[in-house]
Structure formats: structure tokens, C-alpha cells
Amino acid sequence: CYVNRTFEDHFRVSAEDVLGRTVREVLGDSIADTRAPWYECVLLGEDVRFEERNETDASESYSDITFVPRVESGCVVGFFSIAFDITVRKRLEAKLKEMADTDSLTGTLNRREFAVRANIELERYKRTGKPFAFLIMDLDLFKRVNDTFGHSAGDEALRSLADTCRKTIRPYDILGRFGGEEFV
């Protein structure tokens, strides 16, 4: 059995601690239990690939892990694993999703993402019959603010309205900027 330094760092065990021991002995019951589905596949001789989120007290990281069983005479006698740290990629993916879903000026949902979430609420209403409401706000005479005080003042007014709404709504309510000076 061999493990490299990355394995030691990732699972916080030394190579000496791993030799001659089972996965459950090395990683503990809770970790081994979360990996049970892939472990069963490996024991059946199947390749397995998955992404995993790892949390510590100070941070979180992500790994892309592939397990390939070693089969001799039709029996699985071991496996090898390749793991890549994909933390930077996952953080970039999260940032891109946030950028795709959020209005950059106000930090509220953009029109597209608001429509997606509103449809989810509509479907929930159809299933449960529990009422819900939409509040549509439009800043009257907003063009005058931009024309009189400039676009930066108009932008600040929009940000201020969004901040006021965020402080007023409940944590599970959704807020979106539907267009120019329209919020829902």
C-alpha cells in the first residue's frame, strides 16, 4: 500500500497510519459511511469519479476524486485513487453563478434569476395552495433623478432602495431588479 504526500495532507493521516488498514480504520466511521456508495462500486470492479467538499474549522476545499479498482483473476484486490484539488475552480464557478444571477448594480437577483425563482414559488402554490404575493415597485420620475443629478446619483438611489428592501424582507423572500427602476 502506498499513499503520497497529497493523500496525507488531504485526509490528515500519515503513510505509516494507512499501511495494512481498511478505509474505515483510516478515515473513521463517519467519513467511510459517506463514501459507502462509491466504495461498493469499487468493490464490484467499477471505476468511480466524484467531487467532494471538505470542511475544516477555518475553510473549505474541494476535490475531484477518481477510484479505479485493481482486479486480479476477476477479484478486486485493491484500488488506486487520483485526487485533484479543485477548490479554485469551485470558487470560480460559484462566483460565475453569482455574477450570472445577480444584478451588478444593486446586488439583487437579476430579471432572469428572479423569474426562475418566481416560477418555483408559483409551482409550490399549485402543489400546496399556500398563498404568496408579489410586490412590484417602480420609482416614479426616476428619469428626472438621472437627468438632474446624474447617473451616479440615480445608481445610488437604486442601491439605497435595494438595501432598504433587503432590510425589510424576510430571509426566505426573494428580491429582484426587473428592469431600470423596477423591483419585484
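Conventions we followed
- Residues numbered from 1 in each chain as written.
- Predicted model: local features only at pLDDT ≥ 70, side-chain atom pairs only at ≥ 80, totals over all residues.
- Heavy atoms only, no water.
- Helix = DSSP H or I, 4+ residues; strand = E, 2+ residues; numbered from the N terminus.
- Buried < 20%, exposed > 50% of the residue type's maximum accessible area, 1.4 Å probe, protein only.
- Contact = heavy atoms within 4.5 Å.
- Areas by Shrake-Rupley, 256 points an atom, 1.4 Å probe, with all protein chains shown as cover.
- Axes fitted to C-alpha atoms, helices over the stretch in contact; angles between N-to-C directions.
- Parallel < 35°, antiparallel > 145°, perpendicular 65-115°, else oblique.
- Pairing = 2+ DSSP bridges.
- Expected span 1.5 Å × (residues − 1).
- Salt bridge = Lys/Arg side-chain N within 4 Å of Asp/Glu carboxyl O.
- Core = buried A, V, L, I, M, F, W, Y, C linked by side-chain atoms within 4.5 Å.
- Phe/Tyr/Trp six-rings, centres within 6.5 Å; stacked < 30°, edge-to-face > 60°.

Enquirer: Honestly, the overall build of the protein chain in this entry has me stumped. Any pointers?
Expert: Broken down by element type, the protein chain carries 9 helices and 6 strands. Within the span of the protein chain, comprising 184 residues, buried residues form 27% of the whole. By sequence separation, contacts in the protein chain at least 24 residues apart represent 38% of the contacts at least 6 residues apart. Accessible area of the protein chain: about 13,100 Å², with a carbon and sulfur share of 55%.

Enquirer: In this structure, what is going on with the packing of helix α8 (residues 142-149) against helix α9 (residues 151-168)? I would like to understand it.
Expert: A pair of packed helices is captured by two measures, namely the crossing angle of their axes and the spacing between those axes. Taken N-terminus to C-terminus, the directions of α8 and α9 make an angle of 140°; their axes are 6 Å apart at the nearest point. In terms of their interaxial angle, α8 and α9 are classed as oblique. Where α8 abuts α9, its residues Phe142, Val145, Asn146 and Phe149 lie against His151, Ala153, Gly154, Ala157 and Leu158.

Enquirer: So what exactly am I meant to see when it comes to the sheet that holds strand β6 (residues 182-183) here?
Expert: Two modes of strand pairing occur in sheets, parallel and antiparallel, and in both the strands are linked by backbone hydrogen bonds. Spatial ordering of the open sheet is given by β4-β6-β5, a layout of 3 strands whose pairing is antiparallel. Across the chains shown, the open sheet's two edge strands, defined by having one partner strand only, are β4 (137-138) and β5 (177-179). Bridging between β5 and β6 involves 2 bridges; their strand directions are antiparallel. Among the inter-strand pairings, Gly179 is bridged to a residue of β6, identified as Glu182.

Enquirer: Looking at this structure, how should I read α9?
Expert: Turn by turn, an α-helix covers 3.6 residues, leaving residues three or four places apart pointing in a common direction. With 18 residues, α9 extends 26 Å between its outermost C-alpha atoms, agreeing within 8% with the 26 Å of an ideal straight helix rising 1.5 Å per residue. The inward-facing, buried residues of α9 contact β4, α8, β5 and β6.

Enquirer: In this structure, what is going on with the pattern of salt bridges? I would like to understand it.
Expert: What the rule picks out here adds up to 18 salt bridges. Put simply, Asp101 and Lys97 hold a salt bridge, and the shortest N to O gap is 2.4 Å. You can see Asp101 and its partner Lys97 sitting in helix α6 (residues 87-101), 4 residues apart, about one turn around the helix. Given a relative accessible area of 48%, Lys97 falls into the partly exposed group. Between Arg170 and Asp173 there is a salt bridge, with the nearest N and O atoms lying 2.9 Å from each other. Look at Asp173 and you get partly exposed, because its relative accessible area is 25%. Here the residues in one salt-bridge network are Lys97, Asp101, Arg112, Glu113 and Arg117, joined through shared partners.

Enquirer: How do you make sense of the nonpolar core when you look at a structure like this?
Expert: Where a protein is soluble and globular, its nonpolar side chains tend to be buried together. Counting residues in hydrophobic clusters, the biggest one holds 8 residues: Leu105, Phe142, Leu158, Leu161, Ala162, Cys165, Leu175 and Phe183. The leading source of residues in this core is α9, at 4 residues. With near-sequence residues (within four places) excluded, Leu105 lies in contact with Asp155, Leu158, Arg159 and Arg177.

Enquirer: Just to check I follow, could you spell out the side chain of Asp64 for this structure?
Expert: Relative to the assigned elements, Asp64 resides in strand β2 (residues 60-72). Residue class for Asp64 comes out buried when judged on its relative accessible area of 5%. Setting aside anything within four residues of it in sequence, one finds Asp64 in contact with Arg49, Phe50, Glu51, Ile82, Ala83, Phe84, Ile86 and Arg89.

Enquirer: Even after reading the chapter, I still don't get the packing of aromatic side chains, so can you show me in this structure?
Expert: One pair of aromatic rings is described through two measures. These are the centre distance and the angle between the planes. This model, assessed by the stated rule, comprises 4 aromatic pairs. Relative to Phe178, the ring of Phe114 has its centre 5.8 Å away and its plane inclined at 90°; by these criteria the two rings are edge-to-face. Taken as a pair, Phe114 in helix α7 (residues 111-128) and Phe178 in strand β5 lie far apart in primary sequence, 64 residues in all. Judged by its relative accessible area of 3%, Phe114 is buried. We classify Phe178 as partly exposed; its relative accessible area is 26%. Ring centres 5.4 Å apart and planes at 75° place the aromatic pair Phe132 and Phe134 in the edge-to-face group. Ring pairing ties together the aromatic residues Phe114, Tyr125, Phe132, Phe134 and Phe178, which thus form one cluster.

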